[in-house]
Every structure is written in C-alpha cells, then in structure tokens.
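Topology and contacts: notes
These are the residues of each chain, in order.
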Amino acid sequence: MDLSFVILVEILYAVASLVLISAGLAVVFGMMKVINLAHGEFMMMGGYVTITAVGLGVNVFVAMLVIAPLIVGLIGLVVERLVIRHLYGRLVDTMLATWGLSLVFIGLATMIFGNTTTGISTPIPGFAVGAYQINGYNFFIIVVSVLLVAGMYAVLRGTRGGLIARGTMQRADMAAALGYSPDRIYMATFFCGSALSGLAGAVLAPLVGLVPTSGGAYIAKAFITVIAGGPALIAGLVSSAASFGVVSQIFTFAMSPVIGEVALLVAAVILLRAMPQGITARLFRGKL
Amino acid sequence: MTRTVAREVLLTLVVSALLIWILPMLIGTYTLTVLVIYGMLGLSLGLIWGFGGILCFGQAAFFGLGAYTYAIAAINIGESTLPMLLAVAVPAVFAALLGAMMFYGRLGDVYLGVITLVVTLILFKFVNSTAGPQYAIGNARLGGFNGIPGFQTLNVPGDPGAYIWGDPYFYVCAVALVIVFLLVTWLLRSSFGRVAVGIRENETRMGLMGYDVAARKTVLFAIGAAIAGLAGALFANWAEIVTPNLFSLGQSAEIIIWCIVGGLGTRIGPILGAAGLAYLKFLLGQQSLIDNTLITGLILVLFVLFLPRGLAPAVAALIRAVFGRAGRKPDLRRMRRVRHG
C-alpha cells in the first residue's frame, strides 16, 4: 500500500517534470516553429538566476516563480530581436543558430559562474509514508506543473491575446491584414516561451546541482516530448509527457535510473516511427 | 568527361601531396594527424548532408561506434587489420538499420534530426553507465566514463609487433583521407551520386521517376557512417584511449558546425572547416581569457546569419567575381535546396 503510493507519486512527479521541462519549448517550437536548441540553456539560466537571487537574500519562492521567468524572458527577448527574427520559416537555420546560442550561453555561464557545481537546498521538507521517505518538493513540482498547464490553457483559450497569438502562428499574413503586427506577436510569444523555460529551470534547480552544461540534460527530453506530442499544443504536451513519464519510471523501478532514461529515449524512437506526426495527429485531433 | 576526371584526380593528388609534404613543417604532426582525422569526419557528414540532404545530428554516434569497435576488437584480437575493417563495417551496418527504419518510415527533416540525436544520446548514456565489470565484450571491459585504454594500436598488417605511430601514422591518416576523398569524388560522379543529388533537390520527383528513394538514402547514410567509423578508428589509434565523450552532443554539434562553416554541397569545404576550426580550438585552448565554447557558438551564429552557405562557396564566388569571366559560370542549382531538403 505504502509502496504503491510512493510509486504513484514518483510517476506523477516524472510526468510533471516532463511537462515542466517541455512547456517552454512547446510554445517556442510547437507554436512558433522555431527549433530552439538553446532551450536547455534558458533553463540553466533560470536556475542560475534563482541561485543568485537567493544568494542576494530574496525569498526563494519569489526568486523561482517571479524573478527567474522575468529575467530569462528578457534574455529571450534580446535573443529574438538579435538572431531569431531573421530566421523565421527557415527551420534548419534556426536549429543551427540556436545551437550556436546554446554554446554561447554555456561559455558565458562558465566565465561568470565557473565550472563548478552550485545549488540551493530544497525549501520544502520531506515526510514519511509508512517505511518510505517522500521528498516534499516533488509535490510542489506536481502542483506547479498542473497550475502551469491550466494557466496555459486559460490564456490560449480564454484571452484575446491567446487567440491573437494562435491566429498569428497559423496565418501571419491574415493577422497582419486584420491590423495586428506579427512581428510584435512573435516577439511576445518568444518572451513567454523563454519565461516558461526560465521558470522550469528555476523550479528544478534545487533538485539538481547546476553546472553551465546542465541544459544538455533537458534538451533531448524536451524535444522528444514536444515532437511526440504533435500539433495540438497542450493535449500533446500532456499526453506525451504522461506516456514517457510512465515508461521511464516503470523501467527505473524495475531496473535502474539509467535504464529508465534509455527506455524513455527508445520509447520515443518507437513512438515517432509509429506516429511520425506525433500523438495528437492521430488521437485527440482538433484539441488545443 | 573522362579527361576532366583524370585532370581532377591528378590535381587532387598533386595538391594533397604538396600539402602532406609542406604542412608538417608548419604544424607538429601529432596535431596535424587529428586535424586530418577530423577532416575525414567532416567529409562524412558533408557527403550525406551536402549531397544527400540528410541532416544527421548523430554523426558522432558513428564516429564513437567506430572508435569503440576498433578498441574492443583490438583488445580481443591483438592485431589491427581486422579491427580496422570491423570499425568501418559495424557503424555502416548500424547506420543501414537505423536509416532503413527512418527512411522507410518517411520521417521528415526535423524528425530525422531528432531521432539521430536521440540515438546518439542513448549510446552516450549507455556507454557512460558501463563502469561495472559485468559490462565486457570478450576481454574488453567497456569501462564506463573512464573509457577503454591500452588497446593494440595500428600495426603493419600481418606483423603485430611493427607499430605505426608518430610521423608515419600521420602519413597513413593523410593518405587514407586522400583515398576517401577520391572515393567520394568517384561516388558523386557515378549515377548513384547524381541520383542522390536529385533526391536532395526534390525527393518526390525522383520517387516518381522510379528511383527507390528510401533505399538510396539508406545506402548513402551507411556510406557516410562507414567513413565516420573509419575516422573513429583512426582517432582511437591517435588518442590511444576511447571515452564516451566521442558520442557526446558536443561532438555532434562540432561536426555540424564544421560543415556549415566550410560550406555544404562541396567536398573540400567540410574538410577545411573541420581542420580549420579544430586548429582554431587548439590555439584557443592555449589561452584562458575567453571561453572556448563561447567562440565556437559565436562562429556558428554568425555563419548562419551572414554566411549561410559557408566559406568554400563564398570564397569560390569571390574568386569568380575578382577574375570575372575567366571562371566557369556559377552552378546555381547546386546549392539552392541543400539546407531545406
């Protein structure tokens, strides 16, 4: 009984962290069709912003949930203006340019923070369930990702801004004809995407020691989650995060964490081979 | 036709002979050897990406696979001829299987990139976690992140005691690169190469003309992997150790950067890009003022923004512009669609 509860929490946590890791990329890649290989580095910067802010005496939750998304979003804005906006519609070129950007960010972080592991302690204590110890912070991550998905759904579905953004991503020329500036909407969307990445990096930072190359650990997972999700933004994100999270946790429990990771990647290859357009191209069609 | 081919082969041989003669006077052969090996690795991706339109994010997987195959086989066999052949064959077979899975599944550009990336990651993660003694193939322990040291390095075929190292090893690698370059030239001149370029330009059209697109792409992919595997085996001989870093994303990224900087759709571009950037990295490694990764990244961003076709075509265009009509007319169709399938 206790064990099954622990396993359930672990699986939920795995799904939640996949959602968190991929949310920013779902906006930037899923919506805007910009292959952002610097996504992991945006997360890494979110983590560093949090650690720096906490070091300066800011409350850790304010640092994670407010300051990190804002600052990383602003960095994203600068990147969009300088590089990305010249490359819209050139898929392969955005991929290469953002790969270059990721290297630049890694280099900068190495020069600023050095090549050593830094970290902060988790702000929420663990508790015991029967004979097992559960990390209380895992619950926080589950709550954050549920709120995140709900928030994204509300914004994209319910607000005028979300509608305009979705419309512009589908037909930029039509949006322009209706008097909206695609240039600005792209800019704002990229800001939101980078802010989400920053948030994810910040929230995950207390769990993992941070090094300048930390971003690389996330990028593949984020990409396969978003790509396997397919065209529908939120339904795809949640459904593919759920499938991969369950697969990787089952193999982690049965064998080892490394096998769990490998199982996730293998599952992704098989899934992509079976459904080259992603899950939501076949199931949940027409959902957001 | 045959006369131009003969002239080109002769030109290649003369120029490379001159380079092999002159370069060791400028740069130490130890560094030069690895530049030559990287050049071969760059050529392997340049072939499948520049002429086949297959953007492979996992060329490092085949490089690493070649190196590991060589190391494992060399420990078990204790002689270098068969391991060298295996190091070419194993990545080629692996790539043929992977390629068949992807190309017969009609996966698009981006998905192809992601799958090759993921496969590289799987190999990296797996090899990295094989530190325990239970992970062994024959007498060779995989060694996890420590890698495999102490295997038999290259020897004269048939005489395991006669090692090839130092200056002679540089000449072996350089000659190998020239041979591979000539083979690639021959391949591209053959009807197979012409069809490959046709597929790069317009896959549907070539399919409608009756060519089996998936089969041809798979074969080209495997050939690229074989060259990368050879480069990996040569690298293993040079470094005398193989580590999981051969499979890393950073390594994959670098190969792509070499091709972009050198120029896609040319044979010489990726080689020059690889050797040039690797040498630049070597020089940058001797200073500690600016981080190495930062400069590599900046180069990539600037090239994508301002010189998306790379150095070799840009220089060629410049030469044509300077010398006016003396040169051949630019072959416009050649590069147009390389990057976008």
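Before reading further, recall that the structure is shown in the block above.
Notes on the structure in this doc start here. Quick caveat, the model's predicted, so the values are computed rather than measured.

Here we look at the overall build of chain B
Within chain B one finds 14 helices and 4 strands. Principal-axis analysis of the C-alpha atoms places the extent of chain B at approximately 60 × 50 × 45 Å. Expressed as a percentage of the 341 residues in chain B, the buried residues total 53%. Once local pairs closer than 6 in sequence are excluded, the contacts in chain B between residues at least 24 apart make up 77%. When the accessible area of chain B is evaluated, it comes to approximately 15,400 Å², of which 68% is carbon and sulfur surface. Put simply, chain B has 23 plus and 12 minus side-chain charges, and the middle of one group is 15 Å from the middle of the other.

Overview of the packing of aromatic side chains
Residue and element names in this part refer to chain B. In the structure shown here, the tally under the stated rule is 21 aromatic pairs over all chains. Considering the side-chain rings of Y38 and W258, the 4.9 Å spacing of their centres and the 45 degrees angle between planes classify their relative orientation as tilted. A residue pair is termed long-range when its members are at least 10 positions apart, and Y38 in helix 2 (residues 29–51) and W258 in helix 10 (residues 249–262) qualify at 220 residues. The buried category is assigned to Y38, whose relative accessible area is 15%. Taken together, the ring pairs in this structure connect Y30, Y38, F63, F235, W238 and W258 into an aromatic cluster.

As for the state of the cysteines
Each disulfide is one covalent bond, formed between the sulfur atoms of two cysteines. Residues and elements named next belong to chain B. One pass over the structure, following the stated rule, counts 0 disulfides over all chains. A disulfide-free cysteine, C56 has its sulfur positioned 10 Å from the sulfur of C259, the nearest such atom. The exposure class assigned to C56 is buried, which follows from its relative accessible area of 1%. What makes C259 buried here is its relative accessible area of 0%.

A short note on the interface of chain B and chain A
If you look at the interface, chain B gives 39 residues, while chain A gives 39 residues. Counting the surface lost from both chain B and chain A, the interface buries some 3,400 Å², and carbon and sulfur atoms represent 84% of this. Its largest share of buried area at the contact with chain A, chain B owes to B:V110, B:Y111 and B:K125, together 15% of the area lost on that side. Put simply, B:K125 and A:E261 hold a salt bridge, and the shortest N to O gap is 2.8 Å. Scanning the region where chain B abuts chain A turns up 2 residue pairs in polar contact (both at pLDDT 80 or more). Mapped by element, the contributors of at least two residues to the side of chain B that touches chain A are helix 4 (81–104), helix 5 (109–128), helix 10 and helix 12 (292–306) of chain B. The element contributing the most residues to the side of chain B that touches chain A is helix 5 of chain B, with 10 residues.

Cut-offs used in this document
- Residues numbered from 1 in each chain as written.
- Chains lettered and ligands numbered in written order.
- Predicted model: local features only at pLDDT ≥ 70, side-chain atom pairs only at ≥ 80, totals over all residues.
- Heavy atoms only, no water.
- Helix = DSSP H or I, 4+ residues; strand = E, 2+ residues; numbered from the N terminus.
- Buried < 20%, exposed > 50% of the residue type's maximum accessible area, 1.4 Å probe, protein only.
- Contact = heavy atoms within 4.5 Å.
- Areas by Shrake-Rupley, 256 points an atom, 1.4 Å probe, with all protein chains shown as cover.
- Lys, Arg positive; Asp, Glu negative; His and termini not counted.
- Charge placed at Lys NZ, Arg CZ, Asp CG, Glu CD.
- Phe/Tyr/Trp six-rings, centres within 6.5 Å; stacked < 30°, edge-to-face > 60°.
- Disulfide = S-S within 2.5 Å.
- Buried area = accessible area lost by both parts, 1.4 Å probe.
- Salt bridge = Lys/Arg side-chain N within 4 Å of Asp/Glu carboxyl O.
- Polar contact = N/O pair within 3.5 Å; in protein donor to acceptor, adjacent residues only side chain to side chain.

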